[in-house]
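Next come the chains, spelled out residue by residue.
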Amino acid sequence: MSRPKLLVEGVSRVFPGVRGAAPVRALEPTNLSVAENDFITILGPSGCGKSTLLRIVAGLDRPSTGRVLLDDRAVIGPGADRGVVFQSYTLFPWLTVQENIAYGLREKGVAQNERREIVSAYIEKVGLRGFENHYPKQLSGGMQQRTAIARALANDPAILLLDEPFGALDNQTRALMQELLLGIWERERKTVLFVTHDIEEAIFLAARVVVMTARPGRIKADIPVDLPHPRHYRMKTSPEFSELKARLTEEIRAEAVLAAEGH
Ligand SMILES: Nc1ncnc2c1ncn2[C@@H]1O[C@H](COP(=O)(O)OP(=O)(O)O)[C@@H](O)[C@H]1O
Ligand SMILES: [Mg+2]
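Residues numbered from 1 in each chain as written. Chains lettered and ligands numbered in written order. Predicted model: local features only at pLDDT ≥ 70, side-chain atom pairs only at ≥ 80, totals over all residues. Heavy atoms only, no water.

S.K.: Please clarify how the overall build of the chain should be interpreted in this entry.
M.R.: When helices and strands are counted, the chain shows seven helices and ten strands. In summary, the chain has a C-alpha radius of gyration of 19 Å against a globular reference of 18 Å for 263 residues, a match within 12%. Seen through its C-alpha atoms, the chain measures out along the principal axes to roughly 55 × 45 × 40 Å. Expressed as a percentage of its 263 residues, the buried residues of the chain come to 48%. A sequence separation of at least 24 residues applies to 70% of the contacts in the chain between residues at least 6 apart. When the accessible surface of the chain is summed, it comes to about 12700 Å², and 51% of that surface belongs to carbon and sulfur atoms. Here the chain carries 34 positive and 32 negative side-chain charges, and the mean point of each set is 4 Å from the other. (Helix = DSSP H or I, 4+ residues; strand = E, 2+ residues; numbered from the N terminus. Rg over C-alpha atoms; globule rule 2.2 N^0.38 Å. Buried < 20%, exposed > 50% of the residue type's maximum accessible area, 1.4 Å probe, protein only. Contact = heavy atoms within 4.5 Å. Areas by Shrake-Rupley, 256 points an atom, 1.4 Å probe, with all protein chains shown as cover. Lys, Arg positive; Asp, Glu negative; His and termini not counted. Charge placed at Lys NZ, Arg CZ, Asp CG, Glu CD.)

Here you go:
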């Protein structure tokens, strides 16, 4: 096998207790290997350490043990080689759609002509033509997330890290956004790590679903999704999809029960 794009080796995270409280073990030592161009979803109940893991991969937090390698290089902080999109809107409110998308390119010193071309291409890809000069507050939640995805992709990152990016959207918009992201991935084959607690979303998007246990989180299952591409929303009612959904529902239910009991 060729070298993995991303390697998470024995990564754990313990948060110190606040005001004398016991430390919080958020993540047990975790290993994960992601091949280039793979689309992995990380599925787990709320509080199981998904965001903690993603933030460590993003370089926004440091692991208590272990290390993260991206393209064989240790991650020691945030970097332009990782495009990150969170659930809550993280656009710069004082910049327009096109200025938001251009932000990273400007930081990298990409010349204005080239910048304009790249931004225009991504505006097209995420369907924001006509909204180039709008400010984030003038956009719907779905449009803001499309801008955030375009901003992340415009930098041509080695890996795209998404933390419940559609979690705040209504179901219709969410379904459309899943198709949009999948369409981009099918054309461009980025390496993607996508965190969600939504079982259908995890299956629909992924080539592999990685299931995490309740806190302290660790990986309890790694399940390939053999649904063909291009994927269409009608697949969500196919027998293969339903079978996977039933299996993952069992896995997640057991963890959600444990989490609710406060383990
Ligand atoms: N900065 C922090 N300080 C203390 N505890 C934290 C911090 N961040 C997360 N935690 C705790 O770690 C656990 C995992 O959190 P998180 O990774 O956000 O879970 P998830 O994203 O799966 O919902 C939770 O119990 C949470 O309260
Ligand atoms: Mg989270």
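S.K.: Please explain helix H1 (residues 50-58) as it appears in this structure.
M.R.: Residue pairs three or four apart in sequence face the same way in an α-helix, which turns once every 3.6 residues. The buried fraction of H1 is high, at seven of nine residues. Gly 59, located one to two residues past H1, shows a positive phi value of around 85°.

S.K.: How do you make sense of the pattern of salt bridges when you look at a structure like this?
M.R.: Any two side chains of opposite charge can pair, so long as their charged atoms come close to each other. In total, this model carries 18 salt bridges according to the counting rule given. We note a salt bridge from Arg 67 to Glu 9, for which the minimum N-O separation is 2.7 Å. One end of the pair, Arg 67, is in strand E4 (residues 65-70); the other, Glu 9, is in strand E1 (residues 6-15), with 58 residues separating them in the sequence. On the basis of relative accessibility, which here comes to 43%, the residue Arg 67 falls in the partly exposed class. Linking Glu 124 and Arg 129 is a salt bridge whose minimum nitrogen-to-oxygen distance equals 2.7 Å. For Arg 129, a relative accessible area of 39% puts it in the partly exposed group. Residues participating in the shared-partner salt-bridge network are Lys 5, Glu 36 and Asp 71. (Salt bridge = Lys/Arg side-chain N within 4 Å of Asp/Glu carboxyl O.)

S.K.: When you look at the pairing of strand E10 (residues 219-224) in this model, what are you seeing that I'm missing?
M.R.: Moving residue by residue along a regular strand, the side chains alternate between the two faces of the sheet. Where strand E9 (residues 208-212) lies against E10, five bridges are found, and the strand directions are antiparallel. Its bridge partner lying in E10, Arg 208 is registered against Pro 224. Between the antiparallel neighbours E9 and E10 lie six residues. (Pairing = 2+ DSSP bridges.)

S.K.: Can you walk me through the site of ligand 1 in this structure?
M.R.: The local shell around ligand 1 consists of Phe 15, Ala 26, Pro 45, Ser 46, Gly 47, Cys 48, Gly 49, Lys 50, Ser 51, Thr 52 and Arg 215. For ligand 1, an oxygen atom lies 2.8 Å from a polar atom in the side chain of Ser 51. One nitrogen or oxygen atom from the side chain of Thr 52 is found 2.5 Å from an oxygen atom belonging to ligand 1. Looking at the shell around ligand 1, its residues break down into four nonpolar, five polar and two charged. (Near = heavy atom within 4 Å. Polar contact = N/O pair within 3.5 Å; in protein donor to acceptor, adjacent residues only side chain to side chain. Nonpolar A, V, L, I, M, F, W, Y, C, P; charged D, E, K, R; others polar.)

S.K.: Teacher, can you tell me more about the sheet that holds strand E8 (residues 191-196) here?
M.R.: Strand pairing in a sheet relies on backbone hydrogen bonds. The paired strands run either parallel or antiparallel. The mixed open sheet is built from six strands, whose spatial order is E6-E7-E8-E3-E9-E10. Strands at the two margins of the open sheet, each flanked by one partner only, are strand E6 (82-85) and E10. The average undirected angle you get between the axes of adjacent strands in this sheet is 15°. Taken together, the five bridges between strand E7 (residues 159-163) and E8 define a ladder with parallel strand orientation. Pairing of Asp 163 across the sheet is with Val 195, part of E8. Helix-sheet contacts for H1 involve strand E3 (39-43), E6, E7, E8 and E9, and the interaxial angle to E7 is about 150°. (Axes fitted to C-alpha atoms, helices over the stretch in contact; angles between N-to-C directions.)

S.K.: Which parts of the structure should I look at to understand unusual backbone geometry?
M.R.: The phi angle of most residues is negative, glycine excepted, and most peptide bonds adopt the trans form. Cis peptide bonds are those with omega within 30 degrees of zero, and the linkage from Arg 215 to Pro 216 qualifies with -5°. With respect to the helices, strands and loops of the structure, Pro 216 is situated in the loop between E9 and E10. Look at the link from His 229 to Pro 230: it is a cis peptide, with omega at -5°. One non-glycine residue, Asp 72, adopts positive backbone phi at about 70°. Along the polypeptide, Asp 72 turns up in the loop between E4 and strand E5 (73-74).

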